[in-house]
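# Summary of the model geometry
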Amino acid sequence: MAGNDWINSYLEAILDVGPGLDDAKSSLLLRERGRFSPTRYFVDNVIGFDETDLHRSWVKAQATRSPQERNTRLENMCWRIWNLARQKKQLESEEAQRMTKRHLERERGRREAVADMSEDLSEGEKGDTISDVSAHGDNHKGRLPRISSTDAMEAWANQQKGKKLYLVLISLHGLIRGENMELGRDSDTGGQVKYVVELARALASMPGVYRVDLLTRQVASPEVDWSYGEPTEMLAPHNSDSLTDEIGESSGAYIIRIPFGPKDKYIPKELLWPHIPEFVDGALSHIIQMSKVLGEQVGGGRLVWPVAIHGHYADAGDSAALLSGALNVPMLFTGHSLGRDKLEQLLRQGRLSKDEINDTYKIMRRIEAEELTLDASEVVITSTRQEIEEQWRLYNGFDPVLERKLRARIRRNVSCYGRSMPRMAVIPPGMEFNHIIPHDDMDGETEGTEDRQASPDPPIWAEIMRFFTNPRKPMILALARPDPKKNLTTLVKAFGECRPLQELANLTLIMGNRDNIDEMSSTSASMLLSIIKMIDKYDLYGQVAYPKHHKQSEVPDIYSLAAKTKGVFINPAFIEPFGLTLIEAAAHGLPMVATKNGGPVDIHRVLDNGLLVDPHDHQSVADALLKLVADKQLWSKCRSNGLRNIHLFSWTEHCKTYLSRIASCKPRQPGWLKNNDSDDDENSEPESPSDSLRDMQDISLNLKFSMDGVESEDRKNQLENAVMSYSKGSIIKSAQRTTSGEKPDQAKFPALRRRDHIFVIAIDADNIRNLFEHVKKIFEAVGNEKNRGSVGFILATSLQMAEIHSFMVSNKLNPSDFDAFICNSGADLYYTSSHSEDNPFVFDLYYHSHIEYRWGGEGLRKTLVRWASSIIDKKAQNKNEEHVVTEDEAVSTNYCYAFNVQNPALVPPAKELRKMMRIQALRCHVIYCQNGRKINVIPVLASRSQALRYLYLRWGMDLSKVVVFVGERGDTDYEGFLGGVHKSVILKGVSNHISDQFHANRIYPLSDVFPGDNPNVIQIPEQSDIRESLLKLGVVKE
């Protein structure tokens, strides 16, 4: 809003209107405020609101001939200003309350976490910095993990030789292709698109990197170019003499487009959320196939899994978290922009309520996705420290103070009691500098050959210089869109009020492209008009250039012209998140003057090529510009520093630091692959995972249940010893038990591998008896297919295996009717086996190693027990009944802490418990089940739906052949079954007893995750013919 002079003019007019404001009502505002200056009041109290509608009213008032009507309009505007001011005060009060509540919650969580970590804090815990880049002092260069010479780069490159790394990047929204990117086509196709494409291309050129896949959405729509519908696109490297010599059949960087969402429609990112599970399933399929291909090419027959999966923006971060959990590989995340920061800004503007913001931007779904990325990520990459200190600290899952304490304890090899925090890494975006050749000044000789000297000046030079009376004066260059946040009016004011600066320099404002100011957006038009009025006010004609048009390809020429005139580049924005234009300018030999708020501080610390200023102080801006323009020695020093240090922002430097971060992550991969024996490899099918039920643990339930009283660590060791002895000594015996009717591979692999379809029964009933009544109906619907063995069944439930086993025994049900059991809400996985009549279940121990990432163990359990004891029913008649939540030790397992709930109405929603755990750096998946009567807390990336992806990964179970049966409502992880490539059958009327209060546990509406127009989802009434519905889905035949 800064620089809108019309605000002052109409407020001054309000003071002069006379009789129209003399009545009692109209003068109320003036009397209440005493000595009241409407101009100052408006600027001080209403700044930040969109004034477009007020400006339109002012224009109408000016055009009104009737004095009475004009006075009425101005009076109405005065009251509207008062209303805006009151609204702003209310918003400020609400914001203060939110900040106070957040501060208290964080302080309480921090105190509890520190109390659990009982050792005294060391000096290291008190004084560590948030990231690797120091915020103070001049010793920053020693702390930056940079390559400072060609020799060092060659030495590093030699260390990487022999590695064959596979990396996966994900960026879902927008239109992504390698060449002729349509940047600015829409709000989704912007700088992030260019960044991820260049990152993929640069990483593929690094030593040790064999392949990089950039996964995005396939868009086959008539409204966009056909190239966005191509499944695969290879990204050619910019430099043919790249450092890497990793050339192979599948090496290099590729854009892989995964089909998901509406097949023939390009939709904005806000509408992609319900379709993310479909992308995850498609991406999982691609990664598995590519891992096999790379294994044959460079892995010696062993699968080559990604060393990391890197999500960009919240939607891709959500996808990367699910893929990371499904594959058990490390995850990285880059936010680009963050939802909580945007929500705070929109609330401060006051034009939309929180519900309206969520309807428009799906902001709560986005925030929850970003919280999940903090749970799942090993490393969070940011461009600046400002992003960490001002934006990420708004999230429950990241606390800079607690992060420092945890990191210090890790360095001292002291227990963190199950707590973990992602590592924040400041890695500025890279740039390509090879094509840039800095210019000498206009009077000197131009560097280069005679051919270059004879080349004509770029056309944009003449377009700019036509504005100037003396085009040889140094050029002060600003390149920004006409947006109030960019603070260009302060720059013009600084230039206009400093006569010495006008005498020494010209000012060039590159403010986007325009044909007609009236056709621009209201905010941009208002901003541009204010600048033009200021040019007129200070009589700057012949000294300020503001061309109407320029091409993106001409931007380097504009930098070159400024450098050729010994000019200065300035970024006066109020806050600049990063400041890529500062790096571009430095690469062309331009010193800088930049805002001291945000990313430029980090850039200046590295480049040391200019001055930082207070963007609110126009005198400070003018002094800095004058100092650089007038002092040629200082100008030359800043230019030299920038050119000498600019390589620190190259893509090579970025990728080296990036890969070093990945190398610091603990390697993870599917657990069973670490234990493959050569004998098993020989017997495995060529297109199947080299593992079998012989590698599984056929553990007796009696053994497991008899150890309930044993300490958890001892119990785990005894189980593992039993497992190993069984798998080593019983393979031959197991094989001999195979019935004569079974084929060898039928005994070797779970039965689900040979099914045409798998039916997953995930109905969340009140009790186990009701559950099995629904199971019986589904069995009857596909009786023929079940008898032929073409259909297999998996039971996915919040119940424990012991409960299921006991019920099946007492009701004479056959466990072999099911191929697998997903129990404890996804914390445990069992298969049925014909090897033992007494114990028909095979326990998948490798599944636990697959999901145990960031599991808090005993530290988490103690915190949960403490929380449970704090939930008290104050109206209870005796003390035995006052505890609402109690630990269910009999049902709890190593990877599922279970709690009983006496009165669900008194228990805070699951989102509040999840929030409390995140604040204390405890990563877990909180699930309210059995209509709120039970709480299961399991590993953060475990769930019933994720268990299906594990079965696909391990046994090749085709997810597109899976049919999931769910009720109309369910446990709080119910939504995980409503999307993906599998088919879903929703039984209307089943589980509809679950209360609305129970489903208030999520922070976003179900519509944000449930694709209503998904052809793979069918809803049928409870009494309808299930078989008929399956016929419609094409699962069974007549």
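Analysis parameters
Residues numbered from 1 in each chain as written. Predicted model: local features only at pLDDT ≥ 70, side-chain atom pairs only at ≥ 80, totals over all residues. Heavy atoms only, no water. UniProt positions renumbered as here; feature names shortened; annotations may be inferred. Helix = DSSP H or I, 4+ residues; strand = E, 2+ residues; numbered from the N terminus. Buried < 20%, exposed > 50% of the residue type's maximum accessible area, 1.4 Å probe, protein only. Contact = heavy atoms within 4.5 Å. Pairing = 2+ DSSP bridges. Axes fitted to C-alpha atoms, helices over the stretch in contact; angles between N-to-C directions. Phe/Tyr/Trp six-rings, centres within 6.5 Å; stacked < 30°, edge-to-face > 60°. Lys NZ or Arg CZ within 6 Å of the ring centre and 35° of its normal. Polar contact = N/O pair within 3.5 Å; in protein donor to acceptor, adjacent residues only side chain to side chain. Salt bridge = Lys/Arg side-chain N within 4 Å of Asp/Glu carboxyl O. Disulfide = S-S within 2.5 Å. Parallel < 35°, antiparallel > 145°, perpendicular 65-115°, else oblique. Left-handed = near helix turned anticlockwise from the far one by under 90°. pLDDT = per-residue confidence, 0-100.

You'll find the protein chain entered in an unreviewed UniProt entry as Sucrose-phosphate synthase, with Deinandra increscens subsp. villosa given as the organism. According to its UniProt record, the protein chain has this under Pathway (unreviewed entry): "Glycan biosynthesis; sucrose biosynthesis; sucrose from D-fructose 6-phosphate and UDP-alpha-D-glucose: step 1/2." Looking at the protein chain in UniProt, the text filed under Sequence similarities (unreviewed entry) is "Belongs to the glycosyltransferase 1 family."

## Focus on the overall build of the protein chain
Helix and strand counts for the protein chain stand at 40 helices and 26 strands. Burial statistics for the protein chain: of 1038 residues in total, 58% are counted as buried. Contacts in the protein chain between residues at least 24 apart in sequence constitute 74% of all its contacts with a sequence separation of at least 6.

## Observations regarding the pairing of strand β4 (residues 252–258)
Among the seven residues that make up β4, seven are buried, leaving the element largely enclosed by the rest of the structure. Here β4 shows two buried faces, one formed by Gly252, Tyr254, Ile256 and Ile258 and the other by Ala253, Ile255 and Arg257. When strand β2 (residues 209–217) meets β4, the two strands line up parallel, connected through seven bridges. Bridge assignment links Thr216 to a residue of β4, and that residue is Arg257. As defined by bridge partners, strand β3 (residues 232–235) adjoins β4 across four bridges and the pair is classed as antiparallel.

## Some remarks on the sheet that holds strand β16 (residues 791–796)
Taken in spatial order, the eight strands make up an open sheet running β19-β18-β17-β16-β15-β24-β25-β26, and their pairing is mixed. Lying at the two open borders of the sheet, with one neighbouring strand each, are β19 (841–843) and β26 (1017–1021). Ignoring which end each strand starts from, the neighbouring axes of this sheet average 25 degrees apart. Across five bridges, the pairing between strand β24 (residues 962–967) and strand β25 (residues 983–988) is parallel. Along β25, the bridge assignment pairs Val963 with Lys983. In this fold helix α39 (residues 944–955) packs onto β15 (757–761), β16, β17 (820–823), β18 (828–832) and β24, with an angle of close to 50 degrees to the strand it touches most, β18. Against the sheet, helix α40 (residues 1026–1033) contacts β15, β24, β25 and β26, and its axis sits at roughly 160 degrees relative to β26.

## With respect to the packing of aromatic side chains
In the structure shown here, the tally under the stated rule is 19 aromatic pairs. With centroids separated by 6.5 Å and ring planes inclined at 85 degrees, the aromatic side chains of Phe772 and Phe818 adopt a geometry described as edge-to-face. Residue Phe772 is located in helix α33 (residues 768–781), and its partner Phe818 is located in the loop between α35 (801–810) and β17; the two are separated by 46 residues in the primary sequence. The pair Phe772 / Phe818 is uniform in exposure class, with both members buried. Put simply, the rings of Phe759, Phe772, Phe779, Phe793, Phe807, Phe818, Phe821, Phe841 and Phe965 touch in pairs and so form one group of aromatic residues. Taking NZ or CZ as reference, Arg211 lies 4.1 Å from the ring centre of Tyr254, over its face.

## Quick word on the environment of Pro471
Of note, Pro471 is situated in the loop between α18 (459–465) and β9 (475–479). Between the C-alpha atom of Pro471 and that of Gln543, which follows or precedes it by 72 residues, the distance is 8.7 Å.

## So, the sheet that holds strand β11 (residues 544–545)
Pairing is parallel in the open sheet, where six strands are placed in the order β11-β10-β9-β12-β13-β14. Looking along the sheet, the strands with just one partner apiece sit at the ends: β11 and β14 (610–613). In this sheet, β14 lies alongside strand β13 (residues 592–595) in parallel orientation, the contact comprising four bridges. Within the sheet, the bridge partner assigned to Ala594 lies in β14 and is Leu612. Lying over the sheet, helix α22 (residues 555–564) contacts β9, β10 (506–510) and β12 (568–571), oriented at roughly 155 degrees with respect to β9. Seen against the sheet, helix α23 (residues 580–587) touches β12 and β13 and runs at an angle of roughly 175 degrees to β12.

## Some remarks on the side chain of Asp973
Its place among the elements puts Asp973 in the loop between β24 and β25. Relative accessible area serves as the criterion here: at 6%, Asp973 is assigned to the buried category. Within the structure, the side chain of Asp973 is placed 2.8 Å from the side chain of Arg944, a separation counted as a polar contact.

## Description of the side chain of His550
Looking at the secondary structure, you find His550 in the loop between β11 and α22. Ignoring sequence-local partners within four residues, the contact set of His550 consists of Ile460, Ile510, Gly512, Asn513, Val555 and Ile558.

## Thoughts on helix α12 (residues 339–349)
It helps to recall that an α-helix has 3.6 residues per turn; residues three or four apart then point in one direction. Taken together, the buried positions of α12 are Gly339, Arg340, Asp341, Leu343, Glu344, Leu346 and Leu347. Once α12 ends, the next one or two residues include Gly350, with phi positive near 80 degrees.

## Here we look at the pattern of salt bridges
Applying the stated criterion across every chain, the model contains 39 salt bridges. Across the pair Arg98 and Glu344 runs a salt bridge, and its minimum N-O distance is 3.1 Å. Taken together, the residues span a long stretch of sequence, with Arg98 in helix α5 (residues 67–116) and Glu344 in helix α12 at a distance of 246 residues. Since its relative accessible area comes to 26%, Arg98 is described here as partly exposed. Assessed through its relative accessible area of 7%, Glu344 is described here as buried. Across the pair Asp188 and Lys269 runs a salt bridge whose closest N-O atoms are separated by 2.7 Å. In this pair, Asp188 is assigned in the loop between β1 (165–170) and α9 (191–204) and Lys269 in the loop between β4 and α10 (276–298), connecting sequence segments 81 residues apart.

## Observations concerning the environment of Leu582
In this fold, Leu582 is placed in helix α23. Linking Leu582 and Val593, residues eleven residues apart in sequence, is a C-alpha distance of 8.9 Å. Residue contacts for Leu582: discarding those within four places in its chain leaves Phe569, Asn571, Met592, Ala594, Pro600 and Ile603.

## Some remarks on the state of the cysteines
The final tally for this structure, using the stated rule, is zero disulfides. Free of any disulfide, Cys929 has its nearest neighbouring cysteine sulfur in Cys896, separated by 7.7 Å. Overall, Cys929 belongs to the buried group, its relative accessible area being 0%.

## Brief notes about α22
With eight of its ten residues buried, α22 lies for the most part within the structure. Of the positions making up α22, those classed as buried are Val555, Ile558, Tyr559, Ser560, Leu561, Ala562, Ala563 and Lys564. Here the buried face of α22 lies against α18, β9, β10, β12, α23 and α26 (632–645). Positive phi shows up at Lys566, right after α22, with a value of about 60 degrees.

## Examining the packing of α10 against α39
Here α10 crosses α39 at 15 degrees, and the two axes come no closer than 11 Å. Accordingly, the angle class assigned to the pair α10 and α39 is roughly parallel. α39 is crossed by α10, and the crossing has right-handed handedness. Note on element contacts: α39 touches α10 through Arg949, Tyr952 and Leu953, opposite Pro277, Val280, Asp281, Leu284, Ser285 and Ile288.

## Concerning unusual backbone geometry
For Asn413, which is not glycine, the phi dihedral falls at a positive 60 degrees. Structurally, Asn413 can be placed in the loop between α16 (400–411) and β8 (423–426). Owing to a relative accessible area of 72%, Asn413 belongs among the exposed residues under this scheme. A positive phi angle is found at Gln930, which is not glycine, with a value near 50 degrees. Examined against the element boundaries, Gln930 turns out to sit in the loop between β22 (925–929) and β23 (934–938).

## A look at the confidence of the model for the protein chain
Taken residue by residue, the protein chain gives an average pLDDT of 80. The fraction at 70 or more is 77%. Taken as a whole, residues 120–149 scores under 50 in pLDDT and shows 65 contacts with residues more than four places along the chain or in a different chain. Note that pLDDT drops below 50 for residues 694–713; the model gives that stretch 53 contacts with residues more than four away or on any other chain.

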